Amino acid sequence: MSSSATTTEPGPGGALPAAAKQLPTGPEKVKAVRQMFDAIAGRYELVNGIVSLGMDRGWRHRCVDALELPVGSVVLDVACGTGDLCRELDRRLLRPVGVDLSNGMLAHARSPGPLVHGDALFSPFRAAAFDGAVSGFALRNVTDLDILFVELARVTRPGGRISLLDLAEPEAQFLRLGHRLWTNYAVPLVGSALSGSAAYRYLPRSFAYLPPASRVVELLEQAGFAAVEHELLSGGISQLYIATRKHEAGTQ
Ligand SMILES: C[S@@+](CC[C@H](N)C(=O)[O-])C[C@H]1O[C@@H](n2cnc3c(N)ncnc32)[C@H](O)[C@@H]1O
């Protein structure tokens, strides 16, 4: 399928906060994100493990646990990258299908399930094709959360579950300071040393793309999800949105 995106929304959750004004949006963001992940794909998992101090393992476990879906359920991994969450789904005897924009990430992917090259905002899947969906660190990287959530509601069957993992900035002042030092200085340093790429400078800046949790919850509800929960992990350095697909538009 085609992987072009043409959204003109100013930011992934509507208007961008001031801190994100210098960041690319719309088709420019799609291009930048795809180029960046193509460039870092080869060492993506290694760098991820190091810069998260190994914590990404636990976050992925929790993400898949939170689905609470029966064995054999078919689950879409949105922006699957190199397939880390696909493999986690498989370990829980769920059946993953991955979709990603970046050919580079897909070329390095290891997954027991099918992988599709394409834009998750305009996916080729039929309505209600999946029992559930997950995403790992994708919310900051898409151009429009509203479109993503409407698309997720379309492809998830009524009663199906979604679990969306991303990074976050901790609220507690002390943790926030340490987190800023780590993401602003250590992450770009480790990233460029191991990937030979300046792409990791994008990570600290990309936090500005994320709307507040209350807005994300509102967008999920508007898109057709109920029982939306927001869970903070590891002191608030990562977060999970968990929800159930409503049975009919506008009802629980
Ligand atoms: C930080 S990586 C996360 C990869 C993987 N989910 C993980 O947990 O490690 C973000 C991924 O989002 C993908 N991506 C960004 N926008 C996308 C879109 N609209 N459709 C599909 N993939 C997208 C990028 O190509 C990249 O592989």
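Up top you'll find the structure we're talking about.
The text that follows walks through the structure, step by step, so that each part is easy to find. Given the structure is predicted, the values throughout are model-derived calculations rather than measurements.

1. Things to note about the sheet that holds strand E4 (residues 130-136)
Ordered in space as E3-E2-E1-E4-E5-E7-E6, the seven strands form an open sheet in which the pairing is mixed. Each end of this open sheet is capped by a strand with a single partner; those strands are strand E3 (115-117) and strand E6 (225-233). On average, each strand axis in the sheet is tilted by 15° relative to the strand beside it, whichever way the strands run. Packing of helix H3 (residues 55-65) onto the sheet brings it into contact with E4, strand E5 (156-167), E6 and strand E7 (238-245), and relative to E5 it is tilted by some 165°.

2. Some points on the packing of aromatic side chains
What characterises a pair of aromatic rings is the spacing of the ring centres plus the angle enclosed by the ring planes. With the rule as written, the count across this model stands at four aromatic pairs. Residues Phe37 and Tyr44 carry aromatic rings whose centres are separated by 6.3 Å and whose planes lie at 70° to one another, so their mutual orientation is edge-to-face. Across this residue pair, the class does not change: Phe37 and Tyr44 are buried. Over the ring of Tyr209 we find Lys29; its NZ or CZ atom is 3.3 Å from the centre of that ring. Its guanidinium or amino end placed over the ring of Phe207, Arg140 lies 5.8 Å from that ring's centre, counting from NZ or CZ.

3. Regarding the environment of Cys63
Tracing the chain through its elements places Cys63 in helix H3. Cys63 gets classed as buried once you look at its relative accessible area, which sits at 0%. Sequence separation between Cys63 and Arg205 is 142 residues, and the spatial gap between their C-alpha atoms is 24 Å. Excluding residues within four positions of it along the chain, Cys63 makes contact with Leu85, Val134, Ser135, Ser163, Leu165 and Leu240.

4. What about the state of the cysteines?
Taken as a whole and assessed by the stated rule, the structure comprises zero disulfides. With no disulfide partner, Cys63 has as its closest neighbouring cysteine sulfur the one in Cys86, 11 Å distant. The closest cysteine sulfur to the non-disulfide-bonded Cys80 is located on Cys86, 5.0 Å from its own sulfur.

5. Quick look at the pattern of salt bridges
Two side chains carrying opposite charge are able to pair once their charged atoms lie near each other. Under the defined criterion, the tally for this structure stands at 16 salt bridges. The shortest N-O distance in the salt bridge between Arg92 and Asp65 comes to 2.4 Å. In this pair, Arg92 is assigned in the loop between helix H4 (84-91) and strand E2 (95-100) and Asp65 in helix H3, connecting sequence segments 27 residues apart. Relative accessible area serves as the criterion here: at 25%, Arg92 is assigned to the partly exposed category. Put simply, Arg91 and Glu88 hold a salt bridge, and the shortest N to O gap is 3.0 Å. Here Arg91 pairs with Glu88, and both are found in helix H4, just three residues apart, close to one helical turn. For Glu88, a relative accessible area of 2% corresponds to the buried category. Where salt bridges share partners, they join Glu45, Asp56, Arg57, Arg60, Asp84, Arg87 and Arg110 into one cluster.

Thresholds, definitions, all that
What you see as residue numbers is a count from 1 along each chain, following the sequence as written. Given that the model is predicted, a residue must reach a pLDDT of at least 70 before its local features are reported, and side-chain atom pairs must reach 80 or more before they are shown or counted; all residues, however, enter totals for whole chains, interfaces and linings. Note: side-chain values were computed over all heavy atoms of the structure, leaving out hydrogens and water. We call two strands paired when DSSP finds no fewer than two bridges between them. We count a stretch as a helix when DSSP gives it H or I for four or more residues in a row; a strand needs E for two or more, and each element gets its number in order from the N terminus. Only C-alpha atoms enter the line fits that serve as axes; for helices the fit covers just the stretch in contact. Angles between N-to-C directions range over 0 to 180 degrees. Between two residues, a contact is recorded if the distance between any of their heavy atoms is within 4.5 Å. Between rings of Phe, Tyr and Trp, where Trp is taken as its six-membered ring, a pair exists when centres lie within 6.5 Å; planes separated by under 30 degrees are stacked, by over 60 edge-to-face, and by other angles tilted. Working definition: with a 1.4 Å probe on protein chains only, accessible area under 20% of the residue-type maximum means buried, over 50% means exposed, and in between means partly exposed. Ring-over charges, as used throughout, are those where CZ of Arg or NZ of Lys falls within 6 Å of the ring centre and within 35 degrees of the ring normal. Count a disulfide wherever a pair of cysteine sulfur atoms falls within 2.5 Å. When a carboxyl oxygen of Asp or Glu lies within 4 Å of a side-chain nitrogen of Lys or Arg, that pair is called a salt bridge.

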